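Residues per chain, in single letters:
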Amino acid sequence: MKKTAAILLALFCTVLASAQDKNQNFDQLDSLLVNYCDAIAMDSSEEKASECDFMIGSVKDSLASRHIALWLYDHYVDSKLMGDEAVAIHLYDNYFANGKIKMRGEFDKMAAEIFATFNRRTLLGEYAPVVALYNASGKNEIVPLPGHTSVMWFYDTHCQKCMTESKLLPQVLESADFDLDFVAVYSGSDRKSWDYFRDSFKVDNPHVHIIHLWDPEIDSDYQRLYGVMSTPRLYIVEPMGTVIGRRLEVDNLLEMFPVAGAIQAVYNREYASE
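Residues numbered from 1 in each chain as written. Predicted model: local features only at pLDDT ≥ 70, side-chain atom pairs only at ≥ 80, totals over all residues. Heavy atoms only, no water.

Before going further, it helps to examine unusual backbone geometry. Omega for the bond connecting valine 143 with proline 144 falls within 30 degrees of zero, at -10 degrees, which places this linkage in the cis form. Among the structural elements, proline 144 can be located in the loop between β2 (140-143) and β3 (149-155). Residue proline 232 is reached from threonine 231 by a cis peptide bond, and omega for that bond is 0 degrees. Secondary-structure assignment places proline 232 in the loop between α9 (222-225) and β6 (233-237). (Helix = DSSP H or I, 4+ residues; strand = E, 2+ residues; numbered from the N terminus.)

A word on the pairing of β3. Looking along a regular strand, one sees the side chains alternate between the two faces of the sheet. Across the 7 residues that make up β3, a large majority, 7, are buried. Along β3, one buried face is formed by Thr149, Val151, Trp153 and Tyr155 and the opposite face, lined by Ser150, Met152 and Phe154, is buried too. Inspection of the sheet shows β3 paired to strand β4 (residues 180-186) by 7 bridges, in the parallel sense. Residue pairing for β4: valine 151 is matched across the bridge by phenylalanine 182. Following the backbone out of β3, through helix α7 (residues 160-174) and into the adjacent parallel β4, one traces a crossover that is right-handed. (Buried < 20%, exposed > 50% of the residue type's maximum accessible area, 1.4 Å probe, protein only. Pairing = 2+ DSSP bridges. Right-handed = clockwise from strand over helix to strand, strands pointing away.)

Let us look at the packing of aromatic side chains. The full count for this structure, using the stated rule, is 18 aromatic pairs. Where tryptophan 153 meets phenylalanine 201, the ring centres are 6.3 Å apart and the plane angle is 25 degrees; that geometry is what we call stacked. With tryptophan 153 in strand β3 and phenylalanine 201 in the loop between α8 (191-200) and β5 (208-214), this pair connects stretches of sequence that are 48 residues apart. Each member of the pair tryptophan 153 and phenylalanine 201 is classed as buried. (Phe/Tyr/Trp six-rings, centres within 6.5 Å; stacked < 30°, edge-to-face > 60°.)

Here we take up the packing of helix α2 (residues 27-39) against helix α4 (residues 62-77). Any two packed helices are characterised by how steeply their axes cross, that is the angle between the axes, and by the distance between the axes. Two numbers describe how α2 lies on α4: the axes approach to 11 Å, and their chain directions differ by 45 degrees. The orientation of α2 relative to α4 falls into the category oblique. For the element pair α2 and α4, the recorded crossing hand is right-handed. Between α2 and α4, the contacting residues are Leu29, Asp30, Leu33, Val34, Tyr36 and Cys37 on the first element and Ala64, His67, Ile68, Trp71, Leu72, His75 and Tyr76 on the second. Along the lines of polarity and charge, the residues of the contact of α2 with α4 split into 10 nonpolar, 2 polar and 1 charged. (Axes fitted to C-alpha atoms, helices over the stretch in contact; angles between N-to-C directions. Parallel < 35°, antiparallel > 145°, perpendicular 65-115°, else oblique. Left-handed = near helix turned anticlockwise from the far one by under 90°. Contact = heavy atoms within 4.5 Å. Nonpolar A, V, L, I, M, F, W, Y, C, P; charged D, E, K, R; others polar.)

Right, dumping it as C-alpha cells:
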C-alpha cells in the first residue's frame, strides 16, 4: 500500500470536497487514479486487485467510491497489459455482480457479466480448459494435451487480422527450439475454406506439431471457455496445463518462446523421465 500513500493524501482532499458539493466533476480524482495505475502497472494482478480494494474501501463518500470503482473497472477491462483482465473480473465479482456498487446501467452490467464469463477460465495461472474438437477426418481430439507446451490459436478465414497473422506465424514457429503443439482452431463453418487454409499453412520446424481442428456446431463450448468473442485469439499453455500467455499478438508469442521452452525443459527433466 506504500505506493498509494501519497496519492491517497491528495485523494482524500478531493473526496472531502466532493462531499460538500455532489455536483462537482471528478477530473482531479481521475488524474490521481491515472497516476495510481501508472505506479502499480508492473505489479501482479493480485497486488493490483488488493490496491483497488484499498482505494475503494478507503473512501467513505458513496459517490466518490462508486466513481473510483467504475473508473478502475473501465481501466482494467480495456488495459493492453496481459493479466489485467483478472483485475477487472475481481472488481466485477466483488462490487458489481453482488450489487454492492451499481454499474451505470443494465447494459453495462450485462457487458461486464459477459466479459467475466468469457475470460475467467483462461486467466493467467488458471488451468486451460480441455476441449474435444474435431479434426479433418471428423474424429475428436482432446486439446491441450498434458505434458505438451501448446499454442492455442483461434481464427477465422474471413478475419483479415487472422489471415495477416497466418502469414507471420510460420516464420515465428520456425524459431521454436523446443517441442510445441500449435493448435489452430478454425471458428468458422465453411469446410472448403478450412480445407484450403490447412493445405496452405506450412511449418517446416520438426519441433512444431501442427494440429488443425474445428467445431462448427460448437459442441465443446470452446467459445465461452476460451473467450472467443472475436478472432484472432492466441494463448500459450505450459505442460502442466496452466495458461502462461493470453491475448497475445504474434510478436508477443516470439518473446515468450524462451520462457515456454525453459518450462518445457524443466517438465521434461522432472516428469517426462518418470
